[in-house]
2 protein chains.
Amino acid sequence: MPRLRLALAQTNPVVGAFARNAAEVLQAVRSAAARGADLVAVGEMAISGYPIEDLASRPSFLRAARAAVETLAVQLADAGLGAVPVVVGHPDGPFEPRAVDVSTAPTAIAKNCASVLQHGRVVATTAKYHLPNYSVFDEYRVFIPGDDLLVARIADVDVAIIICEDLWRDGGPVARVLDADAGLLLVVNASPWVADKDEVRLPLVTRRATESDTVVAYVNIVGGQDDLVFDGDSVVVDEHGTVLARAPQFAPHLLVVDIDPAPATDPVVTERVQRVSLDTPDTTPGGRFPEGGRPALPRDVAVPLDDTAAVWEALVLGTRDYVVKNGFRSVVLGLSGGIDSAVCAAIAVDALGPANVVGVSMPSRWSSSHSRSDADDVAARLGLRYRTEPIADLVAPFDAQLGLTGLAAENIQARVRALILMGLSNLDGHLVLTTGNKTELAVGYSTIYGDSVGGFAPIKDVPKTMVWELARWRNRLAASRGETEPIPENSITKPPSAELRDGQEDQDSLPPYEVLDAVLDLYVTQAEGAADIVARGFDAATVAEVTRLVDRSEWKRRQGAIGPKISGMAFGRDRRLPITYRP
Amino acid sequence: MPRLRLALAQTNPVVGAFARNAAEVLQAVRSAAARGADLVAVGEMAISGYPIEDLASRPSFLRAARAAVETLAVQLADAGLGAVPVVVGHPDGPFEPRAVDVSTAPTAIAKNCASVLQHGRVVATTAKYHLPNYSVFDEYRVFIPGDDLLVARIADVDVAIIICEDLWRDGGPVARVLDADAGLLLVVNASPWVADKDEVRLPLVTRRATESDTVVAYVNIVGGQDDLVFDGDSVVVDEHGTVLARAPQFAPHLLVVDIDPAPATDPVVTERVQRVSLDTPDTTPGGRFPEGGRPALPRDVAVPLDDTAAVWEALVLGTRDYVVKNGFRSVVLGLSGGIDSAVCAAIAVDALGPANVVGVSMPSRWSSSHSRSDADDVAARLGLRYRTEPIADLVAPFDAQLGLTGLAAENIQARVRALILMGLSNLDGHLVLTTGNKTELAVGYSTIYGDSVGGFAPIKDVPKTMVWELARWRNRLAASRGETEPIPENSITKPPSAELRDGQEDQDSLPPYEVLDAVLDLYVTQAEGAADIVARGFDAATVAEVTRLVDRSEWKRRQGAIGPKISGMAFGRDRRLPITYRP
């Protein structure tokens, strides 16, 4: 008979909203307790949201976080849930700045913690030891590293509790888990999704389980926070590597599972291990469950999404949470009839519903008739709110007064469109979505203060070739459900054009997108030099031009909206390069 | 008789421009050698520019840096300068990513190095040990720490060579300098200027000199790099704490000084100390200097600028270098007649000359007559290129077509002005300067895609109260030189107004600027919480409103232009906060 019923609560916190986040945890504990859980865990920083960035340097923020955890412990007890131990992630501080010999952030005053709550109290707290300081992570900047492993004994099981990055590194806590002879390794995480992440994350969890002969329970937060999307995908793997339970991705979930870890043994005296004993909730018949004992559990093993579906869900969740968490209810975006705006509109509709998405067609003298009809078609297929605002009468006075020609005359059209969208945003309170894709952003193929305006960029990290793939995938999904395909076939198949002058096509000024995306992957994502890329067989002139465009567009990217990171190297805090740079 | 003639070359590198930067070093060494220097040093990363950010993660960049150093050594020898040892800062790599137990950036492949060149070779290389990872610095993200102290013996002097942050921390290299019994501590730096920096930097250098009983030579780079301004201020302090030589701030300079450090002693065997012996250049009569030996040196001790002058010079240099290093020759900005645009115009003229600054007056129906005349007056006083572009005929079609009212109607005016400036930029290749100050940026008192547009923001880090102070200071400077005061008195004394509706004044919607700047200093710079600020005696409602405005304006700041950091906490990479944040 399994000796521990474990609940992993995949919550969706909002940064700074302590009371709201704690209430979400309380609700999850209530559900878990009703299902007979002996132990409940939520994700890293579930109390504060993640990442908190330099809020970790604000003593008042840290005091509020600590108070929120202490208050939650009391609230749990007041709600009759005090018997069930709850493991929560949260920041803690302020502490004295550390002074250590190796290179440090001498200003850090916070720790990234996990605490165990029971009977109205904070029973024990541990802090993350390995602080990621690469990619989008700046934890060494803002946190003091922890120095112990927490082992909590409950129901005769030793539960080792570690935080996120500590699972990924061989040294430190993971090594001490082996020494401590724990039966269950509980990992609380705030692990953002990127494509192919489940190809490394589950194998890692499985390897830790088998190599340490423990059950591993991995609980992750879910939701969008600025440019990051947390996918959840919480999972429990036994010591043989078998997946016992797995939560769905991109949605809150309470995963409850019975596990049977090795029983606790006499603790070996081990340095830097903090041991606590927890009371086991009474789940015997006549205890918390008067009739027949605990309710039976259904098997709960979600199948992970395939790659394209996961990208789509990440974009939808990232967009929805940015809009909603920032207090907006609706969005507005330009509909050109092209693939980028069509895909962004479909994402927005999936995120917010068609009644909360306003599409604006803004034809110019250069707009083709198919642009107008394709934009109409997108709007009709998606059922969103739609209006047409021709720009000719707005552009002409600029051309006349300033004598605009050439590039200046092209850009003014994109910028007049921006003023229309911002005007509608100011009038009606919509958030403006900007529809640029990663390929455009990379080479600066956009008009700053024109098509780049907006608070959020849903496909910012999606290369052009993947935009087409997403469109086709989303249409297939609709077809499989017997729904209208949201993206017009013509938007997918016609040659892309900015339509800022007569007969303009993207491929007049850019290499074919297949080549362009391949070069960009090497230059941006793989950080290869131009010579390395040429050595792979790409045309030298093309590589020189593409890398030049990427380098000189950094200033535009700096002023661009954020958008969901789905790749291993997104523009933004993931790739920090100088603007002033003369290669 | 002094035993060592030392030259510190305060160069102004451009990030990535290896050949250009090396040529600047070569020229400095040529001048130093002509003046009889035994040893020449340039600043941290003088070969690559600083900071290189994630360029440090690009193997091709690191290989190019290494090649540039090796080439420079050969070029020096080819130029007949090989006898003079030269200490240069540069990145080096790629190295294998480090694997250490404590929290690390496992992806770093570069080191932040100083090398000694002589006789056409790289004689020795050391790497920075303490990697700053706070404020604007991300060195732990991109560099592998060094592990030794380099001591080079020349002219019977042991010269310990360390890099920047290593001077600031007590442990590590500084401790080993004491053990190594060096006569001269040479510190190569890329130390950005902020207000009051010379109140900590010179005392630190002095303390290190006296506590270790060594001469300390501190060489810094100079110039603007994106948001950072390096002030130079290279200095030599003897073991008694006396300043022997000091370079001027905010300009390239070659500081040559005779010093008399303690002679080398038999080296104690010390762990983690790398010792090399250098040849001493032949400076005897008949050697490098055929007649009468080395030329005599004038005393070279610059007086540091007072606070306001230093801020002004930092803004001028930061602006000039951003413009020039990014390949522009001229700037365009809106002239409203208000204090912010007047000060920005004066900075631009000081940076680039009046012929390279275009001011545009863009009056609306709400513009007061004094706005137009004050703008005219600024233009006349500064002698810049000036044009007037009324916006009424450009705004009216938007109001009519979209039915804009209220905030939407206010913003459209600012955005139409933006389109004029961007149109002129596109037509004539000017960089657009945006004139917002730090106070406006903090509370979001600006129109995004309106007055915020531009590539560079000269007074981005200058609070409104300091803008007035700078204006008065600059006028006094002009008066003291018998020049026309650049800022009209009326622009300084009139109540600030955005003039987007009838009779609008800033103080209608904001607290008095003295109060506002005081609250912002506590909230933004000191990172105090609202309750802490109220406890200091500020009005609770004011504090609540100001902090709310700061928090909700983060998305606008993210999309803003960069500008020179002059304070201890600038907006941008110095203060990293989430957009999505619900306090």
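Sequence order as written defines the numbering, with residues in each chain counted from 1. Labels are handed out in written order, letters beginning with A for the chains and numbers beginning with 1 for the ligands. A pLDDT threshold of at least 70 governs which residues receive local features in this predicted model, and a stricter bar of 80 or more applies before side-chain atom pairs are shown or counted, although totals over entire chains, interfaces and linings include all residues. Calculated side-chain values reflect all of the structure's heavy atoms, with hydrogen atoms and water omitted.

Now for helix α8 (residues 339-352) of chain A. Residue and element names in this part refer to chain A. Secondary structure counts use DSSP, requiring at least four H or I residues in a row for a helix and at least two E residues in a row for a strand, with both numbered from the N terminus. An expected span of 1.5 Å times one less than the residue number is assigned to each helix. Taking 1.5 Å of rise per residue, 14 residues should cover 20 Å, and α8 covers 20 Å from first to last C-alpha, within 8% of that figure. Three exposure classes are used, based on accessible area relative to the maximum for each residue type with a 1.4 Å probe and protein chains only: buried under 20%, partly exposed in between, and exposed over 50%. Most of α8 is tucked away, with 13 of its 14 residues classed as buried. Following α8 by one or two positions, Gly353 has its phi on the positive side, about 90 degrees.

Moving on: unusual backbone geometry. Residue and element names in this part refer to chain A. The residue after Gly93, namely Pro94, is reached through a cis peptide bond having omega -5 degrees. Non-glycine residue Asp196 carries a positive phi angle of around 70 degrees. When you line up the elements, Asp196 lands in the loop between β8 (184-189) and α6 (198-212). Residue class for Asp196 comes out partly exposed when judged on its relative accessible area of 38%.

Let us now look at empty space enclosed by the protein. A 1.4 Å probe that fits but cannot get out identifies a cavity on a 1 Å grid over protein atoms alone, an open set with protein on both sides within 12 Å along at least five of seven lines counts as a pocket, and a residue lines either if it has an atom within 4 Å of a point. Grid points are joined across faces, edges and corners, and a volume is the space filled by probe spheres set on the points. Under the criterion given, the structure shown has 18 cavities of 30 Å³ or more. Roughly 900 Å³ of volume is contained in the largest cavity. Arg558(A), Arg573(A), Arg558(B), Gly572(B) and Arg573(B) are, among the 35 residues lining the largest cavity, the residues nearest its centre. Estimates place the volume of the second largest cavity at around 220 Å³. Together, 17 residues line the second largest cavity, and Thr434(B), Leu441(B), Ser446(B), Ser452(B) and Gly560(B) are the ones closest to its centre.

With that out of the way, let us pick up the interface of chain A and chain B. Counting residues at the interface gives 96 residues for chain A, matched by 96 residues for chain B. Buried area is a sum: the accessible area each of two parts loses on coming together, probed at 1.4 Å, counted once for each and added. Across the chain A/chain B interface, buried area totals approximately 7,700 Å², and carbon plus sulfur atoms make up 53% of it. It is Arg58(A), Thr580(A) and Arg582(A) in chain A that bury the most area against chain B; as a group they hold 10% of the surface buried on that side. Each salt bridge in this description consists of a side-chain nitrogen of Lys or Arg and a carboxyl oxygen of Asp or Glu lying within 4 Å of one another. In this assembly, chain A and chain B are joined by six salt bridges. Any pair of N or O atoms that falls within 3.5 Å is considered a polar contact. Within protein, one atom must be able to donate a hydrogen and the other to accept it, and sequence-neighbouring residues count only if both atoms are side-chain atoms. There are 40 residue pairs in polar contact (both at pLDDT 80 or more) connecting chain A and chain B. Should any heavy atoms of two residues lie within 4.5 Å, those residues are counted as being in contact.

Once that is clear, we can look at the relation of the copies chain A and chain B. Each copy superposes on the other: chain A lies on chain B with an RMSD of 0.0 Å after a rotation of 180 degrees and an axial shift of 0.0 Å. Such values leave the two copies arranged in the relation of a two-fold axis. Residues of chain A ranked by C-alpha distance from the rotation axis are headed by Gln559(A), positioned 2.0 Å from it. An overlap of 100% is found between the interface residues of chain A and their copies at the interface of chain B, pointing to a shared contact surface. Superposition of the copies was done by least squares, using only C-alpha atoms of residues whose pLDDT is at least 70 in both.

Next up on the list: the side chain of Lys128(A). Residues and elements named next belong to chain A. Relative to the helices and strands, Lys128 is located in the loop between β5 (121-127) and α3 (139-142). Looking at Lys128, its side chain comes within polar contact range of the side chain of Glu139, at 3.0 Å. Those residues in contact with Lys128 that sit more than four places away from it in its chain are Glu44, Asn112, Glu139, Ile144, Pro145, Gly146, Ile163, Cys164, Glu165 and Asp166.

What follows covers the sheet that holds strand β19 (residues 431-432) of chain B. Residues and elements named next belong to chain B. Between any two strands, at least two bridges found by DSSP are needed for them to pair. Ordered in space as β18-β17-β16-β19, the four strands form an open sheet in which the pairing is parallel. One side of each edge strand has no neighbouring strand; the edge strands of this open sheet are β18 (385-388) and β19. By the bridge criterion, two bridges tie strand β16 (residues 331-334) to β19 in an arrangement that is parallel. Along β19, the bridge assignment pairs Val331 with Leu431.

So, on to the sheet that holds strand β13 (residues 243-246) of chain B. Residue and element names in this part refer to chain B. Taken in spatial order, the seven strands of this open sheet run β13-β12-β9-β8-β7-β6-β15, and their pairing is mixed. Edge positions in the open sheet fall to β13 and β15 (273-277), since each of these has one partner strand only. Here the average twist between neighbouring strands, direction ignored, is 20 degrees. In terms of strand pairing, strand β6 (residues 149-154) meets strand β7 (residues 157-163) through five bridges, oriented antiparallel. Bridge pairing in β7 places Leu150 opposite Ile161. Contacts from helix α5 (residues 173-180) reach β6, β7, β8 (184-189) and β15 within the one sheet, and its direction differs from that of β6 by about 40 degrees. Fitted lines through C-alpha atoms serve as axes, helices being fitted only where they are in contact, and the angles separating the N-to-C directions of these axes extend from 0 to 180 degrees.

The subject of this paragraph is the state of the cysteines. Residue and element names in this part refer to chain B. Cysteine sulfurs are considered disulfide-paired once they come within 2.5 Å of each other. Enumeration according to the criterion identifies zero disulfides over all chains in this entry. In this model Cys164 remains outside any disulfide bridge; the closest cysteine sulfur is found in Cys113, 14 Å from its own. Relative accessible area serves as the criterion here: at 8%, Cys164 is assigned to the buried category.

With that out of the way, let us pick up α5(B). Residues and elements named next belong to chain B. Of all the positions in α5, only Pro173, Val174, Arg176, Val177 and Ala180 are classed as buried. One side of α5 carries all its buried residues, which in axial view fall inside an arc of 160 degrees. Tucked inside the fold, the buried residues of α5 contact β6, β7, α4 (165-168), β8, α6 (198-212) and β15. Count one or two residues on from α5 and you reach Asp181, which has phi positive near 60 degrees. An arc is given here, and it is the one of the directions from the helix axis to the C-beta atoms.

Geometric descriptors of this kind do not, in isolation, establish any biological role.
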